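Reading the structure
Chain by chain, the residues run as shown.
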Amino acid sequence: MDPQGNATTASGLNKRRDNRSIIEVLFGKATWKEAIKPTEIRYLKILPSSPAMLSAEVELMSAESAEMLLKQKIQEIRNEFDFIFLDCPPSMGYLTLSSLIAADSVIIPLQSEYFALEGLSDLLSMIKKVQKRYNPDLDIEGVLITMHDERTVLSRQVETEARRFFPGKVFKTIIPRNVRLSEAPSYGKPIILYDIRSKGARAYINLAKELLGE
């Protein structure tokens, strides 16, 4: 759901070359089966994003009951997957709203930076509005601290504030600043294929185990 398509690129897909994306599915121009693509990871499939989403967002806003469209579409494939992740843009726009309405829970990535803490209140306000009006069962799965450098005072402060503000909701796993994590997308690979031994890969594997309750 992010027009930047970072998750698409990092999975080895070309978001500009493939004309089947989430937008085509939402507008009924393609089926899920036509649009969902396999990746190098056996059990991971991707429904690509597209730069066209930027202009399509205006069309979506004008459609009848558009905010419920993604939720309705996901019902068609809900039982075919163990987990469905919606990658949202870093903004509080219509695409994020649609994703929150469709979701069961939210993972909130929190960069270890001051401005990330500032933006957190806007996101929480949006989540509360969605819970009140559209999706009362929407839950916060957890807050994920990312780009963390334990050597800096700021990173430690962000972690402290997050754990104080979200008692019991901040993941134990913290994603560190890691060169290999930064390099992986430029090779079109997720970190576990690019360098599974790296500190960043180990962190994401630990996060997956934490989500699974292992």
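Note that the structure is a prediction, hence the values are computed from the model and not measured.

Summing up its helical and strand segments, the chain has 11 helices and four strands in all. Compactness check: the chain gives a C-alpha radius of gyration of 18 Å against a globular reference of 17 Å for 214 residues, within 12% of the reference. Counting over 214 residues, the chain shows a buried share of 40%. Residue pairs in contact within the chain that sit at least 24 positions apart in sequence constitute 68% of those at least 6 positions apart.

Okay, the nonpolar core next. One finds I108 and I127 to be the most contacted residues of the largest nonpolar core, which totals 40 residues. When sequence neighbours within four positions are dropped, the list of residues in contact with I127 reads L100, V106, I108, L138 and I140. Counting residues in hydrophobic clusters, the runner-up holds 10 residues, among them L144, F171, Y194 and A203.

On to the pairing of strand 3 (residues 105-111). Working note: regular strand, side chains alternate between the two faces of the sheet. Side chains V106, I108 and L110 of strand 3 all project onto a buried face; the interleaved residues S105, I107, P109 and Q111 project onto a face where none is buried. Crossover strand 3 to strand 4 (residues 139-146) through helix 7 (residues 114-133) is right-handed.

The next point concerns unusual backbone geometry. Positioned with a positive phi, M147 is a non-glycine residue whose angle comes to about 50°. When you line up the elements, M147 lands in the loop between strand 4 and helix 8 (153-165).

The next subject is helix 6 (residues 94-102). Counting buried positions along helix 6 yields nine of nine residues, so the element is predominantly enclosed. By the burial criterion, the buried members of helix 6 are Y94, L95, T96, L97, S98, S99, L100, I101 and A102. Where helix 6 is buried, its residues touch helix 4 (53-62), helix 5 (69-75), strand 3 and helix 7.

Turning our attention to helix 4. Within helix 4, burial applies to M53, A56, E57 and L60. In a view along the axis of helix 4, the buried residues occupy a sector of 120°, so they form one face of it. Facing away from the buried side of helix 4, by more than 90 degrees, are the exposed residues L54, V58 and S62. Here the buried face of helix 4 lies against helix 2 (22-26), helix 5 and helix 6.

Procedures and definitions
Residues numbered from 1 in each chain as written. Predicted model: local features only at pLDDT ≥ 70, side-chain atom pairs only at ≥ 80, totals over all residues. Heavy atoms only, no water. Helix = DSSP H or I, 4+ residues; strand = E, 2+ residues; numbered from the N terminus. Rg over C-alpha atoms; globule rule 2.2 N^0.38 Å. Buried < 20%, exposed > 50% of the residue type's maximum accessible area, 1.4 Å probe, protein only. Contact = heavy atoms within 4.5 Å. Core = buried A, V, L, I, M, F, W, Y, C linked by side-chain atoms within 4.5 Å. Right-handed = clockwise from strand over helix to strand, strands pointing away. Arc of directions from axis to C-beta.

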